[in-house]
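Structural overview
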Amino acid sequence: ERVTLGKGVTVIDAYAFDGCPKLSCNEYEGGVYLATEDNPYYALLSMDADVKAPVFHPDTRIICGDALGEGEKLGDLVIPEGILSVASYAFPELDTVSFPSTMAYISSSVFYMSDTLVEITVAEGNTHYKSVDGSLFTYDGRILMKYAAPATVTAYTVPDGTVIIESDAFINVKGLTEVTLPDSVEEIGHMAFCRCEDLTSIDLGNGLK
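The rules behind the values
- Residues numbered from 1 in each chain as written.
- Predicted model: local features only at pLDDT ≥ 70, side-chain atom pairs only at ≥ 80, totals over all residues.
- Heavy atoms only, no water.
- Helix = DSSP H or I, 4+ residues; strand = E, 2+ residues; numbered from the N terminus.
- Rg over C-alpha atoms; globule rule 2.2 N^0.38 Å.
- Buried < 20%, exposed > 50% of the residue type's maximum accessible area, 1.4 Å probe, protein only.
- Contact = heavy atoms within 4.5 Å.
- Areas by Shrake-Rupley, 256 points an atom, 1.4 Å probe, with all protein chains shown as cover.
- Lys, Arg positive; Asp, Glu negative; His and termini not counted.
- Charge placed at Lys NZ, Arg CZ, Asp CG, Glu CD.
- Salt bridge = Lys/Arg side-chain N within 4 Å of Asp/Glu carboxyl O.
- Pairing = 2+ DSSP bridges.
- Patch = residues over 30% accessible without salt bridge, like charges linked within 9 Å, V, L, I, M, F, W, Y side chains within 5 Å.
- Disulfide = S-S within 2.5 Å.

The next point concerns the overall build of the chain. Of the regular secondary structure elements, the chain holds zero helices and 18 strands. Computed over its C-alpha atoms, the radius of gyration of the chain comes to 18 Å, within 12% of the 17 Å expected for a compact globule of 209 residues. With respect to the three principal axes, the spread of C-alpha positions in the chain is 55 × 30 × 30 Å. Going through the 209 residues of the chain one by one, you find that 46% of them count as buried. For the chain, contacts bridging at least 24 residues in sequence account for 28% of all contacts bridging at least 6. Surface summary for the chain: the accessible area is close to 10,100 Å², and the carbon and sulfur share equals 47%. With 12 positive and 32 negative side-chain charges, the chain shows a spacing of 4 Å between the two charge centroids.

Written out as structure tokens, the structure reads:
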């Protein structure tokens, strides 16, 4: 019936409290929130499916898995400053998304529902992630988290220095026919190229382990 989060909680993944109809939560602008002892709006647990433009409470710090995933396509989404993490399947279909400088954790499966994603941006000052030509990388450039580009782009060369293609990195991508990996790539994650219906060739490079 009640959950009080400790202040050290930084990620709540998808379906953690699914099927708990008696759970007492706080509400704000169509959102349902779990609280810490001193922050009633610490974790966005879910958002009404008919919300067209989500408004996050200013005190929100984490977006739980599947929090927005049941909604309709949002188009453009801006995650406000102060939010620290976003977990698996949190987003519905998106065109663009902007992450704040405070974002410290992004699940590799957060974009699982999106097949129209054209650009990901990260605010200046973020020391965990960065955007390179609209795609999402870890700040050190070693992990390609998520590829994003218009469907008119048919070929993509992963930047040299990338070591890992994260799980779901290219999932559902439309229009892309060719991908070239540099020799620096050592690992390709689970379902990285799943449902890439237009993809006809991948140059894997020579570094895969």
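After presenting the structure, the write-up continues.
Note on pairing: side chains with opposite charge can pair once their charged atoms come close. For the structure on display, the rule yields four salt bridges. Between Asp38 and Lys7 there is a salt bridge, with the nearest N and O atoms lying 3.3 Å from each other. Remark: Lys7 occurs in the loop between β1 (4-5) and β2 (26-28) and Asp38 occurs in the loop between β3 (31-36) and β4 (43-47); sequence separation between them is 31 residues. Of the two residues, Asp38 and Lys7, neither departs from the other in class, the shared state being exposed. Its salt-bridge partner being Lys174, residue Asp115 comes within 3.6 Å of it at the nearest N-O pair. In this pair, Asp115 sits in the loop between β9 (105-106) and β10 (119-122) while Lys174 sits in the loop between β15 (164-165) and β16 (178-180), placing the two residues 59 residues apart along the sequence. Using a relative accessible area of 28% as the deciding quantity, one classes Lys174 as partly exposed.

One ladder, built from two bridges, connects strand β12 (residues 135-138) with strand β13 (residues 143-146); its direction is antiparallel. Looking across to β13, one finds that Leu136 is bridged to Lys146. In textbook terms, the turn of a hairpin is the stretch between consecutive antiparallel strands, and for β12 and β13 this stretch comprises four residues, one of which, Gly141, has a positive phi near 80 degrees.

Okay, a nonpolar patch on the surface next. Judged by side-chain polarity, Ile188, Ile202, Leu204 and Leu208 come together as a nonpolar surface patch covering roughly 270 Å² of accessible area. The exposure class of Ile202 is partly exposed, given its relative accessible area of 34%.

This paragraph deals with the state of the cysteines. By definition, a disulfide links two cysteine residues through a covalent bond between their sulfur atoms. Counted by the stated rule, this structure contains zero disulfides. With no disulfide partner, Cys20 has as its closest neighbouring cysteine sulfur the one in Cys25, 9.2 Å distant.

Another aspect to go through is the sheet that holds β13. Read from one edge to the other, the open sheet built from five strands follows the order β11-β12-β13-β15-β17, with strand pairing classed as mixed. In this open sheet, the two strands that pair with only one neighbour each are β11 (129-132) and β17 (187-188). As paired elements, β13 and β15 share two bridges and run parallel to each other. In the strand pairing of β15, Leu144 is matched with Ile165.

Of note, the phi angle at Asp66 is positive, near 70 degrees, even though the residue is not glycine. Tracing the sequence through the fold places Asp66 in the loop between β5 (62-63) and β6 (75-78). Even without glycine at this site, Met191 takes up a positive phi of about 60 degrees. Residue position: Met191 is located in the loop between β17 and β18 (201-203).

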